[in-house]
2 protein chains.
Amino acid sequence: MKIAEVSQKFDISADTLRYYERIGLLPGVNRSEGGIRDYTEEDCNWVEFIKCMRGAGLSIESLIEYVSLFQQGEKTLKARKEILIDQREELENRIIEMQETLERLDKKIEYYESHLIPAQDMLVIAEN
Amino acid sequence: MKIAEVSQKFDISADTLRYYERIGLLPGVNRSEGGIRDYTEEDCNWVEFIKCMRGAGLSIESLIEYVSLFQQGEKTLKARKEILIDQREELENRIIEMQETLERLDKKIEYYESHLIPAQDMLVIAEN
DNA sequence: CCTTGACTTGGAGTCAACTCCAAGTATTAT
DNA sequence: ATAATACTTGGAGTTGACTCCAAGTCAAGG
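Nothing here was measured: the structure is a model prediction, and the numbers come from that model. (Residues numbered from 1 in each chain as written. Chains lettered and ligands numbered in written order. Predicted model: local features only at pLDDT ≥ 70, side-chain atom pairs only at ≥ 80, totals over all residues. Heavy atoms only, no water.)

Novice: Looking at this structure, I do not really get the protein's contact with DNA strand C. What am I missing?
Specialist: Taken together, the neighbourhood of DNA strand C is formed by 21 residues, with D15, Y20 and R54 of chain A together with R22 and R37 of chain B sitting nearest. In DNA strand C, atoms within 4 Å of the protein come 71% from sugar and phosphate. In this structure, a phosphate oxygen belonging to DNA strand C sits 3.1 Å away from a side-chain N or O atom of R18 of chain B. Contact between DNA strand C and R37 of chain B: a phosphate oxygen at 2.6 Å from a main-chain N or O atom of the residue. Of all the secondary structure elements, the ones that give two or more residues to the surface near DNA strand C are α2 (14–22) of chain A together with α1 (3–10) and α2 (14–22) of chain B. The element contributing the most residues to the surface near DNA strand C is α2 of chain A, with five residues. Looking at the surface near DNA strand C residue by residue, the class counts come to seven nonpolar, five polar and nine charged. (Near = heavy atom within 4 Å. Polar contact = N/O pair within 3.5 Å; in protein donor to acceptor, adjacent residues only side chain to side chain. Helix = DSSP H or I, 4+ residues; strand = E, 2+ residues; numbered from the N terminus. Nonpolar A, V, L, I, M, F, W, Y, C, P; charged D, E, K, R; others polar.)

Here is the structure:
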């Protein structure tokens, strides 16, 4: 699969794909004789995985580390698992924080919904 | 309240507070005769609010718009409510996406937990 | 009054994560 | 074979959100 197809399939710009490769996040992509990238099925899986994890806010740094350990084989199973657990924890915390903020927004919207907000109560809207 | 206190109270650097003021996210902070910032209770509420919303990933741009409408008074109630609803929606979508990723991470961790991963199954870990 | 430390400004610098560019090479359609 | 299109590279530029800096002003203690 050429870069343009991968780009379209996963809605990631070709520049970003090349960038990921450059920084070691997507290593070992095969090339044709002419030097043109040819993504395997496995490469595509990684692309999809990275896109998903980046979408959830995992840092590129931690993903590079994960991928790099992966490439070093079975002896890194433990370290890889630890990264996953760490990142899982951080993600969960972010989600919890965001849910609290969501609830806060809901309350604010309720205030606005009840058309009962005189100017002097505006402060309350900001506070809550 | 002086900037250093506000900075400490909300764990936001004084530079960031000044930056927020400059870009119109935290307008109308009072000054002493000498020109030194003196945050009111209401200013502090805004600081806290902004910190919370930024923490959940709302863009500074949308927050500036909200604050700016707020300052224009009651006639902007509808527009403000719309911003809140839009942002709430986006936030919810992000949360949902992140929860899916959390579940995916959990599955991956489970794989690692069951010490049954031979080298040729590594692909599966990447895929799932 | 003088020193010390906190505050002020405008503007420059940093960081992560892309995104774009120019010059060149490869592939494909005619 | 040639033109048009897609790909390559290294490196520069951009964006959002800060973060730092220098030079100057202000305020509190001795």
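We are not done yet, so read on.
Novice: Can you help me understand the protein's contact with DNA strand D in this one?
Specialist: Close to DNA strand D lie 20 residues, the nearest being R31 and R37 of chain A together with D15, Y20 and R54 of chain B. Counting only the atoms of DNA strand D that lie within 4 Å of the protein, the sugar and phosphate share comes to 71%. Contacts to DNA strand D include R31 of chain A, whose side-chain N or O atom sits 3.1 Å from a phosphate oxygen. A distance of 3.1 Å separates a base nitrogen of DNA strand D from a polar side-chain atom of D15 of chain B. Looking at the surface near DNA strand D, the elements that each hand over two or more residues are α1 (3–10) and α2 of chain A together with α2 of chain B. In terms of residue count, the dominant contributor to the surface near DNA strand D is α2 of chain B (five residues). Looking at the surface near DNA strand D residue by residue, the classes come out as seven nonpolar, five polar and eight charged.

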